[in-house]
Amino acid sequence: MTMQFEFEGIDELITELDKIENATDELKDKALIEGGEILLESMKQEVYRNGLHRRTGEGQESLTRTDPSNSELFVGTQGGKRASGFYLYMHEFGFWNVRAGRFIAPRPFASIAYNNSVNRIMDAYVDVFRKGMGM
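Note that the structure is predicted; figures quoted are calculated from it, not measured.

Student: Could you give an account of the pattern of salt bridges, with specific residues and numbers?
Tutor: The final tally for this structure, using the stated rule, is three salt bridges. The closest approach of N and O atoms between Glu 37 and Arg 65, which form a salt bridge, is 2.6 Å. Of this pair, Glu 37 sits in helix α1 (residues 10–46) while Arg 65 sits in strand β1 (residues 64–65), and the two are 28 residues apart along the sequence. The partly exposed category is assigned to Arg 65, whose relative accessible area is 23%. Shared partners join several salt bridges into a network, and the residues in it are Glu 37, Arg 65 and Asp 67.

Student: Kindly report on the side chain of Ser 117, identifying the contributing residues and their values.
Tutor: Tracing the backbone shows Ser 117 in helix α4 (residues 110–133). Classification of Ser 117 as buried rests on a relative accessible area of 0%. Aside from chain neighbours lying at most four places away, what touches Ser 117 is Ile 38, Leu 39 and Ser 42.

Student: Residue-level account of the packing of aromatic side chains, with values.
Tutor: Scanning the model with the defined rule gives one aromatic pair in all. An angle of 50° between the planes, with centres 4.9 Å apart, marks the rings of Tyr 89 and Phe 93 as tilted. Of this pair, Tyr 89 and Phe 93 both sit in helix α3 (residues 87–93), four residues apart, roughly one helical turn. Both residues of the pair, Tyr 89 and Phe 93, count as exposed.

Criteria and cut-off values
- Residues numbered from 1 in each chain as written.
- Predicted model: local features only at pLDDT ≥ 70, side-chain atom pairs only at ≥ 80, totals over all residues.
- Heavy atoms only, no water.
- Salt bridge = Lys/Arg side-chain N within 4 Å of Asp/Glu carboxyl O.
- Helix = DSSP H or I, 4+ residues; strand = E, 2+ residues; numbered from the N terminus.
- Buried < 20%, exposed > 50% of the residue type's maximum accessible area, 1.4 Å probe, protein only.
- Contact = heavy atoms within 4.5 Å.
- Phe/Tyr/Trp six-rings, centres within 6.5 Å; stacked < 30°, edge-to-face > 60°.

If you want it as structure tokens, here you go:
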């Protein structure tokens, strides 16, 4: 008594899996860029809503998005104490004011912008993957 199995459509399944595997890195980068743009716009809108006052607009202009690298993308300021918008970090997390001798409470904008736009970011990811995989 021997058992025989017959598979129909296995070749199509294998080619689809190969196609998904090859397209994944490109789709990840596209999805990260789409999500990063959404977050960047949300952060630029949110920067002066929670206690910071617009004087020069330097804080809003200093927000940037990096290009994807190793499946990571960063949205925020360039960093460093000489970079424009360096003070946004202090307002996000709070800081010790030496002259006043007290802790200045945080006035977050980036975490609020992220929390408010996380659903739109995930929707953008889904749209990019659906279009990329032909669904």
